There are 2 protein chains.
Amino acid sequence: MKNIVQSVKGTRDFYPEQMSLRNWLYGVIRKVSESFGYQEYEGPFLEKIDLYAAKSGEELVNQQAFVFQDRGGDPVTLRPELTPTLARMVAQRQNELAYPLRWWSFGPFWRYERPQRGRTREFFQWNIDIIGVNNPEADAELLAVCAEFFKAVGLTSDKVKLLVNSRRLMDASLARFGLTGDLKRKAFQLIDRKDKLSPADWRLYASEQGLSEDQLAGIEGILADKDLWKQSEELSRAFALLESCGLGDFVRYEPAIIRGLDYYTGIVFEAKDLDGGRSILGGGHYDNLVAAVGGDPLPGVGFAMGDVMIGFVLEKYGLVPKFEQTPAQVLVTVFDESRSQAAFVLANRLRQSGLRVACYPEAAKLQKQFKYADRMGMRFAVVAGPDEEAAGLITLKDLRERTQETLSVADVAEKVRALLAQ
Amino acid sequence: MKNIVQSVKGTRDFYPEQMSLRNWLYGVIRKVSESFGYQEYEGPFLEKIDLYAAKSGEELVNQQAFVFQDRGGDPVTLRPELTPTLARMVAQRQNELAYPLRWWSFGPFWRYERPQRGRTREFFQWNIDIIGVNNPEADAELLAVCAEFFKAVGLTSDKVKLLVNSRRLMDASLARFGLTGDLKRKAFQLIDRKDKLSPADWRLYASEQGLSEDQLAGIEGILADKDLWKQSEELSRAFALLESCGLGDFVRYEPAIIRGLDYYTGIVFEAKDLDGGRSILGGGHYDNLVAAVGGDPLPGVGFAMGDVMIGFVLEKYGLVPKFEQTPAQVLVTVFDESRSQAAFVLANRLRQSGLRVACYPEAAKLQKQFKYADRMGMRFAVVAGPDEEAAGLITLKDLRERTQETLSVADVAEKVRALLAQ
């Protein structure tokens, strides 16, 4: 066993096959985002810790972010999420931008968590936000983006659901039991643990947090009331909009959805794989994020989806397409040592006619060269030996169909395209 | 003046306009790389410092790399270059891969250097390598990739040149003056400073480094001999191959090109902007890189090009295309409060027919909504008021041509496509 330098735990190598998957996902994300009129943007990967201090939530910044000092002694962070960067970028050009602003992005993020199936420390994330609108139409639009993405990758509403709640509704409901301020935060933490603790442990945790029996009963009532959303104007309106677009099946009210990030103020949502319950994406409505980084207040709605869990879910359901690994359409072979320059020039000439062409870089047995073409998924090979040379022609071999034809160089590109189109 | 949280020095924000430029560059890079039969891959952005220890050269690792401890206490590096990662990835699957291996990549890198025009601390880099071949055809292929890239972006050979040298040729030439081992390294450093010091300071530096008068004269002779390449089989062969493809004008022998990275063993090259002399890309031939990270020896050739300097050069020559900022083709307006749901549904329906459609998210004066569409570069706006509703129709406004037409929803997509194609 060779002693190869190891990669960092929780990072991934993207060999061409994995890169094809990531590019495919990026392409679907682009198509869906752009179909709704969103523009692609990207922030830096390094940010100052202050940017997250305001609003990202304790756990994310203090326990999960990669924070370090650069060579100049300045503390920097490998971004754990994009929303604060978005807020900063908007704040910097707040008066020049036109609203509503619709932006999306797909790039790398880092969180120091325990790596497991569906989770890495370095991952890619789709972020998409609408900024400058404060109504349920904006919330519904982002939920529609999620649903259209699921449709685009073949995830039907019997496999995934968008679980939606409203922080405003929860605030009002909890306030009826005196759960405001710090007690409200404790109630949110309690709700978040509902599925993680046994019923007995959950009640114990509630009393340890200082919640009364009445308050606990109140919370249980809120969680049990599947019609509570009807009291929420924003939820009712968003659900109606999605229903009228035929996307209602993807959406479900779920009072247990709170979301950890401190900046959410209105609708919050998560998409879950119904088989296993894992969270695929999450997002919500915020009022004050741009103000939190130094701009004027601007509301927004957005969500983020990591590439690891969605990749895991798509694979589970057999929804990852089979990617053709075809680095080139044509391999130009080298007949013998004396013809390597001619092969190099021929490959160059075929490229000028628009083909993707690899040149075998040395004289070797032709069978070896054909085998290489075949293994690399290159369907055609071109041979130019003394016979062809004398006639000013070349031989084009179709390695898949096991046919061949001798023709002039000028005709190769057209022939290859015709055969590929068949 | 508002106090907005600052970004990290040497990083960049990619607003949609800058993102368009980066995507365009990535697209050209993809097209050129793929035309030569290269496959896209990507490594992790965090690597262990050991990976660079072997071969990357002192300065890069010890002075420029961002190195830090993660939360588990492990020392990690934000990758300053990709070649060691490539070597690791190849070493890990050395017996499964087919050679020659042609791989390319475009991703982020970090170096703690003083930011200046054409240089940032966080940047993107195109990397492209052929692995498993050890002949001048491989060197020439990579040089041809560079030249074809320049042609693709409109940089002609009177603006940029590929300056080429051979480490082997230099080793042999320097050895004739007793410059081997440590003295050879000193000679390389001296050559590297030729253009950075005055002639007097340069001679002083040579004698401080312990080089004799004869040795200095020998080096001056090597640097002055523009025909020295004819003694090099690999340079002669590579130049002949490029000449025969009509790319000879892009290439020039330049004895002062050494390249700082320790792993180069054969041909080395840099592309320079002839106006100003700045380096756009650099690369070379290596024999032992895969072995250095724990694999079996495998030769290769590759180069890397950062996005910042090429962007600067392209802008200087007016070669950056004008990007159309058109997030959507159509804006669906909201006629009044009572019709916002109908507008939402209409936008959704138009998207199903393949159009990129944004919906104005609230009822506002129509003029304001048209103005927004115009500002965002959306050419068409759709209006559905009471008159249209009664007739089961909608009005499609062409904001550029200042025309409008009332038609059925089913006909909108076809009409828009027809107008866009005109």
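What counts, and at which threshold
- Residues numbered from 1 in each chain as written.
- Chains lettered and ligands numbered in written order.
- Predicted model: local features only at pLDDT ≥ 70, side-chain atom pairs only at ≥ 80, totals over all residues.
- Heavy atoms only, no water.
- Helix = DSSP H or I, 4+ residues; strand = E, 2+ residues; numbered from the N terminus.
- Rg over C-alpha atoms; globule rule 2.2 N^0.38 Å.
- Buried < 20%, exposed > 50% of the residue type's maximum accessible area, 1.4 Å probe, protein only.
- Contact = heavy atoms within 4.5 Å.
- Areas by Shrake-Rupley, 256 points an atom, 1.4 Å probe, with all protein chains shown as cover.
- Pairing = 2+ DSSP bridges.
- Axes fitted to C-alpha atoms, helices over the stretch in contact; angles between N-to-C directions.
- Buried area = accessible area lost by both parts, 1.4 Å probe.
- Salt bridge = Lys/Arg side-chain N within 4 Å of Asp/Glu carboxyl O.
- Polar contact = N/O pair within 3.5 Å; in protein donor to acceptor, adjacent residues only side chain to side chain.
- Nonpolar A, V, L, I, M, F, W, Y, C, P; charged D, E, K, R; others polar.
- Phe/Tyr/Trp six-rings, centres within 6.5 Å; stacked < 30°, edge-to-face > 60°.
- pLDDT = per-residue confidence, 0-100.
- Core = buried A, V, L, I, M, F, W, Y, C linked by side-chain atoms within 4.5 Å.
- Expected span 1.5 Å × (residues − 1).
- Arc of directions from axis to C-beta.
- Parallel < 35°, antiparallel > 145°, perpendicular 65-115°, else oblique.
- Left-handed = near helix turned anticlockwise from the far one by under 90°.
- Disulfide = S-S within 2.5 Å.
- Least-squares fit on C-alpha atoms with pLDDT ≥ 70 in both.

Some details on the overall build of chain A
Per the secondary structure count, chain A includes 16 helices and 16 strands. In terms of C-alpha radius of gyration, chain A reaches 28 Å, well past the compact-globule figure of 22 Å for 422 residues. The principal-axis extents of the C-alpha atoms in chain A amount to approximately 95 × 55 × 50 Å. A total of 422 residues make up chain A; the buried ones form 58% of that total. Contacts in chain A between residues far apart in sequence, at least 24 positions, make up 67% of those at least 6 positions apart. Accessible area for chain A stands at about 17,300 Å²; split by element, carbon and sulfur atoms hold 47% of it.

Observations regarding the sheet that holds strand β11 (residues 300-306) of chain A
Residue and element names in this part refer to chain A. Strand order in this open sheet of 8 strands is β1-β5-β6-β11-β10-β9-β7-β8, and the pairing throughout is mixed. Among the strands making up the open sheet, the edge pair consists of β1 (39-40) and β8 (251-253). In this structure, strand β6 (residues 122-131) lies alongside β11, joined through 7 bridges in antiparallel fashion. Following the sheet pairing, Ile128 is matched in β11 by Phe303. Each of β1, β5 (101-110), β6 and β11 is contacted by helix α1 (residues 16-35), which is oriented at about 160° to β5, the strand it contacts most.

Concerning the interface of chain A and chain B
Contacts between the two partners involve 106 residues from chain A and, on the opposite side, 106 residues from chain B. For the pair chain A and chain B, the two sides together bury roughly 9,100 Å², of which 57% comes from carbon and sulfur. Taken together, the links from chain A to chain B amount to 4 salt bridges. Counting every contact that joins chain A to chain B gives 49 residue pairs in polar contact (both at pLDDT 80 or more). Among the elements that take part in the side of chain A that touches chain B, α1(A) stands out by supplying 10 residues, more than any other. Tallied by class, residues from the side of chain A that touches chain B come to 53 nonpolar, 24 polar and 29 charged.

Focus: the pairing of β11(A)
Residue and element names in this part refer to chain A. The buried fraction of β11 is high, at 7 of 7 residues. Bridging between strand β10 (residues 279-286) and β11 involves 6 bridges; their strand directions are antiparallel. Within β11, the position partnered with Gly283 by the bridge is Phe303.

Structural notes on the pattern of salt bridges
In this structure the tally under the stated criterion is 56 salt bridges over all chains. Across the pair A:Arg237 and A:Glu137 runs a salt bridge whose closest N-O atoms are separated by 2.9 Å. Here A:Arg237, found in helix α10 (residues 233-244), pairs with A:Glu137, found in helix α5 (residues 136-153); they are 100 residues apart in sequence, far enough to count as distant. Among the salt bridges present, the one from B:Glu389 reaches B:Arg339, with a minimum N-O distance of 3.2 Å. Linking B:Glu389 in helix α15 (residues 386-391) with B:Arg339 in the loop between β12 (330-332) and α13 (340-352), this pair joins segments that are 50 residues apart in sequence. We classify B:Arg339 as buried; its relative accessible area is 12%. Three or more residues joined by partner-sharing salt bridges are found here, namely A:Asp13, B:Glu47 and B:Arg88.

Observations concerning the packing of aromatic side chains
Residues and elements named next belong to chain A. Per the stated rule, a full pass over the model turns up 46 aromatic pairs over all chains. Consider the rings of Tyr360 and Tyr372, whose centres lie 5.5 Å apart with planes at 75°: the pair is edge-to-face. Of this pair, Tyr360 sits in the loop between β13 (357-359) and α14 (366-375) while Tyr372 sits in helix α14; the two residues are 12 residues apart in sequence, bridging distant segments of the chain. Of the two residues, Tyr360 and Tyr372, neither departs from the other in class, the shared state being buried.

Brief notes about the sheet that holds strand β8 (residues 251-253) of chain B
All names here are of chain B. With mixed pairing, 8 strands are arranged side by side in an open sheet as β1-β5-β6-β11-β10-β9-β7-β8. Two strands lie at the open edges of the sheet, namely β1 (39-40) and β8, each paired on one side alone. Two strands pair when backbone bridges link them, and strand β7 (residues 160-166) and strand β9 (residues 264-273) are joined in this way by 7 bridges, in the antiparallel orientation. Considered in β9, the bridge of Leu162 is made with Ala271.

Points about the confidence of the model for chain A
Here chain A shows a mean pLDDT of 93. Residues at 70 or above account for 98%. Quick note on the complex model: pTM equals 0.95, ipTM equals 0.95.

Concerning the nonpolar core
Counting 166 residues, the largest nonpolar core has A:Trp126, A:Phe149, A:Phe150, B:Trp126, B:Phe149 and B:Phe150 as its most contacted members. Residue contacts for A:Phe149: discarding those within four places in its chain leaves A:Leu25, A:Val28, A:Ile29, A:Val32, A:Trp126, A:Met305 and A:Ile310.

Remarks on helix α9 (residues 213-224) of chain B
Residues and elements named next belong to chain B. For α9, built from 12 residues, the straight-helix expectation of 16 Å at 1.5 Å per residue is met to within 8% by its first-to-last C-alpha distance of 16 Å. Looking at α9, one finds that the buried residues are Gln215, Leu216, Gly218, Ile219, Ile222 and Leu223. Here the buried residues of α9 occupy an arc of 155° about the axis, which is enough to place them on one side. Exposed residues pointing more than 90 degrees away from the buried face of α9 are listed as Glu213, Asp214 and Ala224. Its buried side turned inward, α9 meets α6 (167-175), α7 (181-192) and α8 (199-208).

Focus on the packing of α7(B) against α9(B)
Residues and elements named next belong to chain B. Where α7 meets α9, the axes come as close as 11 Å, and the angle between the chain directions of the two elements is 55°. With respect to α9, the element α7 is oriented oblique. The hand of the α7/α9 crossing is right-handed. Contacts between α7 and α9 involve Leu183, Ala187, Leu190 and Ile191 from the first element and Gln215, Leu216, Ile219 and Leu223 from the second.

Let's talk about the state of the cysteines
Under the criterion given, the structure shown has 0 disulfides over all chains. Free cysteine A:Cys359: the closest other cysteine sulfur is in B:Cys245, separated by 9.1 Å. Given a relative accessible area of 5%, A:Cys359 falls into the buried group.

Points about unusual backbone geometry
Residues and elements named next belong to chain A. Across the junction of Tyr99 and Pro100, the peptide omega takes the value 0°, indicating a cis bond. In this structure, Pro100 sits in the loop between α4 (83-92) and β5. Phi is positive for Arg402, which is not a glycine, with a value near 55°. Checked against the element boundaries, Arg402 lands in the loop between β15 (394-398) and β16 (403-407). Among the residues examined, Arg402 registers a relative accessible area of 76% and is labelled exposed.

Considering the environment of A:Pro386
Summarising the element assignment, A:Pro386 is placed in helix α15 (residues 386-391). For A:Pro386, the contacting residues outside a window of four places in its chain are A:Phe335 and A:Arg339.

Quick look at the relation of the copies chain A and chain B
The transform that puts chain A on chain B rotates by 180° and translates by 0.0 Å along the axis, for an RMSD of 0.0 Å. Here the copies are linked by what is in effect a two-fold axis. Ranked by how close their C-alpha atoms come to the rotation axis, the residues of chain A are headed by A:Phe68, at 3.1 Å. Residue by residue, 100% of the interface of chain A is reproduced at the interface of chain B, so both copies engage with the same surface.

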